[in-house]
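Single-letter residue listing:
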Amino acid sequence: MPLMSTENFADLKNRRVDLHSHTKCSDGGLTPEELIERAVNFQIDVLAITDHDTTAALDIAKAYIVEKNHPIKLIDGIEISTAWQGFEIHIVGLNIDKTSAELKQLIHEQQEARENRALAMGEKLAKCGFDNIYDKAKAFAGDGSITRAHFAKVLYQQGDVSKMQSAFDKYIGKGKRAYVKPTWCSIEHAIEVIHQAGGTAVMAHPVRYDLSTKWLRRLVVQFKEASGDGLEIVLPQMNNDQRRLMLSFCLEYDLHASMGSDFHYPSKWSDLGRNLVMPEGVSPIWQLWH
Ligand code: AMP
Ligand code: MN
Ligand code: MN
Ligand code: MN
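The rules behind these values
- Residues numbered from 1 in each chain as written.
- Chains lettered and ligands numbered in written order.
- Predicted model: local features only at pLDDT ≥ 70, side-chain atom pairs only at ≥ 80, totals over all residues.
- Heavy atoms only, no water.
- Pairing = 2+ DSSP bridges.
- Helix = DSSP H or I, 4+ residues; strand = E, 2+ residues; numbered from the N terminus.
- Contact = heavy atoms within 4.5 Å.
- Axes fitted to C-alpha atoms, helices over the stretch in contact; angles between N-to-C directions.
- Donors = N, O, S within 2.8 Å, 3.2 Å for Na, K, Ca; no water.
- Buried < 20%, exposed > 50% of the residue type's maximum accessible area, 1.4 Å probe, protein only.

A. The arrangement of the sheet that holds strand β3 (residues 73-84) in detail. Across the sheet, which stays open at both edges, the seven strands sit in the order β1-β2-β3-β4-β5-β6-β7 with mixed pairing between neighbours. Two strands lie at the open edges of the sheet, namely β1 (17-18) and β7 (256-259), each paired on one side alone. Strand direction decides the pairing type here: strand β6 (residues 230-234) and β7, joined by four bridges, are parallel. Paired with Gly 230 across the two strands is His 256, which belongs to β7. Helix α3 (residues 101-127) contacts β3 and β4 (87-94) of the sheet and is inclined by roughly 55° relative to β3.

Encoded structure:
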């Protein structure tokens, strides 16, 4: 049964929901239309598109859904990069008003930060012996958000690294030779702007930041103090210890729970909506959407 309006959000428990995905408008492999087509084939009922620091895919995806009369509910989303204690923390905004002036301003600033970092990364990579990487990464990114994933793709396709991950491990990951410290906004600002745009603010993939439990707790406390709404506690490939810890953070700090695949392109390890089950005992993020 298709979801027709937001009134049905209370019933999402038995729906296939994926609240984190990417398109070619940032570092995803599929166009917005291809992503929607895949989601419909996978019988996803509710899909959030959450590209890095851009909302460019949303209108395209929406128009495609209407054109095809597809039975899928699109949630307007964004994944905002923030800087916190030397780490890059991602804050997902869900159900945002993409026409919000404050949101548009933040997107503008983040895009500028992306462009500047990309140029600086190109210069550092030149010193590592790789020429013109910025131009090639820019060509991959096209009109979309330029990300480190595009740089990794260039190095991989040229045969400079044996897999994309090695580009991060050797050159562009934190602390490596061609790493450029980004100038992202703060967690507080990202949450504020998401709220100004009428959205809910979710900390993306808390278990992927490589933080000790003590530091992760600090991060969650600060996120909560900044009026963050939820934690993305359901993602593919988590172990039981991680599941338990995330569940306990939600309960202890009265945060809602979100879930998403962080789909970028089809792979063996994860896909849209796969392995996503909301645990009992937490308040799902969609309860905030009336
Ligand atoms: P950026 O937002 O420009 O820093 O690009 C980061 C993106 O690169 C992430 O969203 C991932 O999709 C991808 N990525 C892949 N491997 C890594 C890694 N080891 N560290 C950070 N990002 C990675
Ligand atoms: Mn990405
Ligand atoms: Mn992320
Ligand atoms: Mn993501």
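B. Here's a closer look at the environment of Ala 152. Along the polypeptide, Ala 152 turns up in helix α5 (residues 148-157). Placed 105 residues apart in sequence, Ala 152 and Leu 47 show a C-alpha to C-alpha distance of 27 Å. When neighbours within four sequence positions are excluded, Ala 152 is seen to be in contact with Met 164, Ala 167, Phe 168 and Ile 172.

C. Here's a closer look at the coordination of the manganese ion (ligand 4). Bound to the manganese ion (ligand 4) on the protein side are His 20 (NE2), His 22 (NE2), Glu 79 (OE) and Asp 262 (OD), at distances that span 2.1 to 2.2 Å. A separation of 4.7 Å is found between the manganese ion (ligand 4) and the manganese ion (ligand 2). With His 22 in the loop between β1 and α1 (32-41) and Asp 262 in the segment after β7, this residue pair connects regions lying 240 residues apart in the sequence. By relative accessible area, Asp 262 is classed as buried at 11%.

No statement about biological role is implied by the geometric values presented.
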